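# Topology and contacts: notes
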Amino acid sequence: MLTGKHLIAGEWVAGPKTFRSSPATGEGAEFASASAAEVNRAVEAAEEAFWSYSALTREARAAFLDRIADEIEARGADLTAAGTAETGLPAARLEGERGRTTGQLRLFAAHIRKTDFLDARHDVALPDRKPLPRPDIRLMQRPVGPVAVFGASNFPLAFSTAGGDTASALAAGCPVVVKGHPAHPATGEIVAQAIEAAIKACGVHPGVFSLVQGVGNDLGAALVQHPLITAVGFTGSLGGGRALFDLCAQRPVPIPFFGELGSVNPVFLLPAALAARGAAIAAGWAGSLTQGAGQFCTNPGIVLVPQGAAGDAFVAAAKEAVGAIGAQVMLTDGIAAAFRQGAERIAGTQGVRSVLTSMCDRRNAAPYVFEVDGAQWLADETLGHEVFGPLGIIVRTADEAQVIAIAKALEGQLTCTLMMDEGDTALAQRLMPILERKAGRILANGFPTGVEVCEAMVHGGPYPASTNFGATSVGTMAIRRWLRPVSYQNIPAALLPEEIR
């Protein structure tokens, strides 16, 4: 049963303010909207919990993560019902995302049962070294402190209350305060109930997790500016993320802001692949572009296609494939409105030709496809700004030199994709050093939607794809965001962490 309240240090807390949810189906409900007072209470509880939680054994933390996964699965039907009503996402998508969420938790449990993430090192003492002796020095990674996590609109489970940011921070030994996304407050509360049950079952300090809900910029600002918050995880828009990033940098004690802000994820369709299987690639691009109403940060919004008859055939095939896909419900009214505005902006840009136009009705969005010459793309950097939703731009390239020029002009991306056959190897070799500097993940002959959760995944990239090019929000390396190295010089064994004694 929903309370409509915040979960703060093991208690369900109301407040003087509320907001009303706006689900895709059904009636909205009232939820507490946090003020600075609730934020302060949650963060102070997280700081108090840090001392005992960070000292838990790796096995105890792993067992806690596993228990959270169990408790989420036990609430599967309730989560699917709440999530589909609030977001308009189909039940199958929510069920798959729930599996990804519990899988992430169990992945991090397994990860910390091993010791690789600690990066433990030991330089033994050399008392007889000349001209100076060397002390005994050991190193390992230690948790940074309380972490703030912002839930994402487009992943109500996997990037929200108990998503990858929360899972990796808890695995690192850091308490978490989550600012729930107002697009799916009921889903967030049910997940918080699961975490609360795991806290009680494992005997963990209740301040290790809090969920505060609400709307407005003041809540997020109060959270990232709280002096006891030591790092922030965020998935969302460039504008919102940059504003929070600036607040983190302006604090008396600046803290890291790990923001994943989206990208246009360009696809480079090279000539041999175009000639051999252009129609199949067009169909695949259409499916990836419109998947989930285009509301993925890895949505391949741009495809570079050579000019000429084969390229014209690709455009025709893409138009047919995308046109066969009907309107889909978007996550929020605001996202739908922004999508319409973005489509209007692209349509009104000089040199842009409409391939497929649509009519969008309030929260429903049908796809758009546009076409532009490579020279015009290079002349107008606004064409590379993300439009969140099922909108694609086909950039017609004149020659290999222009393909290289466009690659070099790209802003930072989460992904870049090469569609290539053996005859394209030489051009692909020229592109690879450029794409390595532009993106966190490079694909060949696939589409970027569908981010595998594994050891080798990077979900991040140069700005503006993310605010920290050395970090990832997906995969086991995500734990590094919440750790910092500490060296121990001539420290007695009784004072050392167990792993480096």
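Coordinates for the structure precede this section.
Everything in this summary refers to the structure shown in the same document. Everything numeric in this text was worked out from a predicted model, so none of it was measured. (Residues numbered from 1 in each chain as written. Predicted model: local features only at pLDDT ≥ 70, side-chain atom pairs only at ≥ 80, totals over all residues. Heavy atoms only, no water.)

### Section: helix α3 (residues 76-87)
Where we set the bar: Numbering of helices and strands runs from the N terminus; a helix is a DSSP stretch of H or I covering at least four residues, while a strand is a stretch of E covering at least two. For a helix, the expected span equals 1.5 Å multiplied by the number of residues minus one. Only protein chains enter the area calculation, which uses a 1.4 Å probe; residues under 20% of their type maximum are buried, those over 50% are exposed, and those in between are partly exposed. Contact between two residues is taken to exist if any of their heavy atoms lie within 4.5 Å; hydrogens are not considered.
When the terminal C-alpha atoms of α3 are compared, their 16 Å separation across 12 residues agrees well with the 16 Å that a helix rising 1.5 Å per residue should span. Within the span of α3, buried status applies to G76, L79, T80, A82, G83, E86 and T87. Packing partners of the buried residues in α3 comprise α2 (58-74), α4 (91-113), α6 (185-202) and β14 (328-329).

### What about the sheet that holds strand β21 (residues 483-489)?
Applicable threshold: Pairing between two strands is assigned when DSSP locates at least 2 bridges connecting them. Throughout, an axis means a line fitted to C-alpha atoms (over the contacting stretch in the case of helices), and angles, computed between N-to-C directions, take values from 0 to 180 degrees.
If you walk across this open sheet you meet the three strands as β5-β6-β21, and the pairing is antiparallel. Edge positions in the sheet fall to β5 (121-123) and β21, since each of these pairs with one other strand and no more. Taking the axes of each pair of neighbouring strands and ignoring which way they run, one obtains an average angle of 25° across the sheet. Across three bridges, the pairing between β5 and strand β6 (residues 137-143) is antiparallel. Paired with H122 across the bridge in β6 is R138.

### Quick notes on unusual backbone geometry
Across the junction of K130 and P131, the peptide omega takes the value 5°, indicating a cis bond. Along the chain, P131 turns up in the loop between β5 and β6. Despite not being glycine, D119 has its phi angle at roughly 50°, a positive value. Counting through the fold element by element, D119 comes out in the loop between α4 and β5. Assessed through its relative accessible area of 31%, D119 is described here as partly exposed. Phi angles above zero are rare outside glycine, and A293 is one such case at about 55°. When you line up the elements, A293 lands in the loop between α9 (271-290) and β13 (302-306). With relative accessibility at 1%, the residue A293 sits in the buried group.

### Here's the deal with the sheet that holds strand β19 (residues 413-419)
Taken in spatial order, the seven strands line up as β15-β17-β18-β13-β12-β19-β20 in an open sheet, and their pairing is mixed. Each having just a single partner strand, β15 (353-356) and β20 (439-444) make up the two edges of the open sheet. Averaged over neighbouring strand pairs, the angle between their axes works out to 20° when direction is ignored. Here β15 runs beside strand β17 (residues 368-373); their pairing, made up of three bridges, is antiparallel. Bridge assignment links R353 to a residue of β17, and that residue is E371. The sheet contacts of helix α14 (residues 425-438) involve β12 (267-269), β19 and β20, and relative to β20 the element is tilted by about 150°.

### Quick notes on the packing of α2 against α6
Quick reminder of the rule: Geometric relationships in this document are graded by angle, where less than 35 degrees denotes roughly parallel, more than 145 denotes roughly antiparallel, 65 to 115 denotes roughly perpendicular, and other angles denote oblique. For any helix crossing, the convention is left-handed if the near helix is rotated counterclockwise from the far helix by under a right angle, and right-handed if that rotation is clockwise. Each residue is assigned to one class: nonpolar for Ala, Val, Leu, Ile, Met, Phe, Trp, Tyr, Cys and Pro, charged for Asp, Glu, Lys and Arg, and polar for all the others, Gly among them.
Taken N-terminus to C-terminus, the directions of α2 and α6 make an angle of 135°; their axes are 8 Å apart at the nearest point. When the axis of α2 is compared with that of α6, the two are oblique. Seen along the crossing, α2 lies across α6 with a hand that is right-handed. Residues A63, F64, R67, I68, E71 and I72 of α2 form the contact with α6, whose own contacting residues are V191, A194, I195, A197, A198, I199, A201 and C202. Classifying every residue of the contact of α2 with α6 gives 12 nonpolar, no polar and two charged.

### Quick notes on the packing of aromatic side chains
Selection rule: Note on aromatic contacts: the rings of Phe and Tyr and the six-membered ring of Trp form a pair at centre separations within 6.5 Å, being stacked when their planes are under 30 degrees apart, edge-to-face when over 60 apart, and tilted otherwise.
A complete count under the given rule lists 12 aromatic pairs for this structure. Ring centres 5.2 Å apart and planes at 55° place the aromatic pair F155 and F159 in the tilted group. The pair formed by F155 and F159 is uniform in burial state, with each residue classed as buried. Relative to F296, the ring of F155 has its centre 5.6 Å away and its plane inclined at 70°; by these criteria the two rings are edge-to-face. Of the two residues, F155 sits in the loop between β7 (147-150) and α5 (164-172) while F296 sits in the loop between α9 and β13, which places them 141 residues apart along the sequence. With respect to burial, F155 and F296 carry one shared label: buried.

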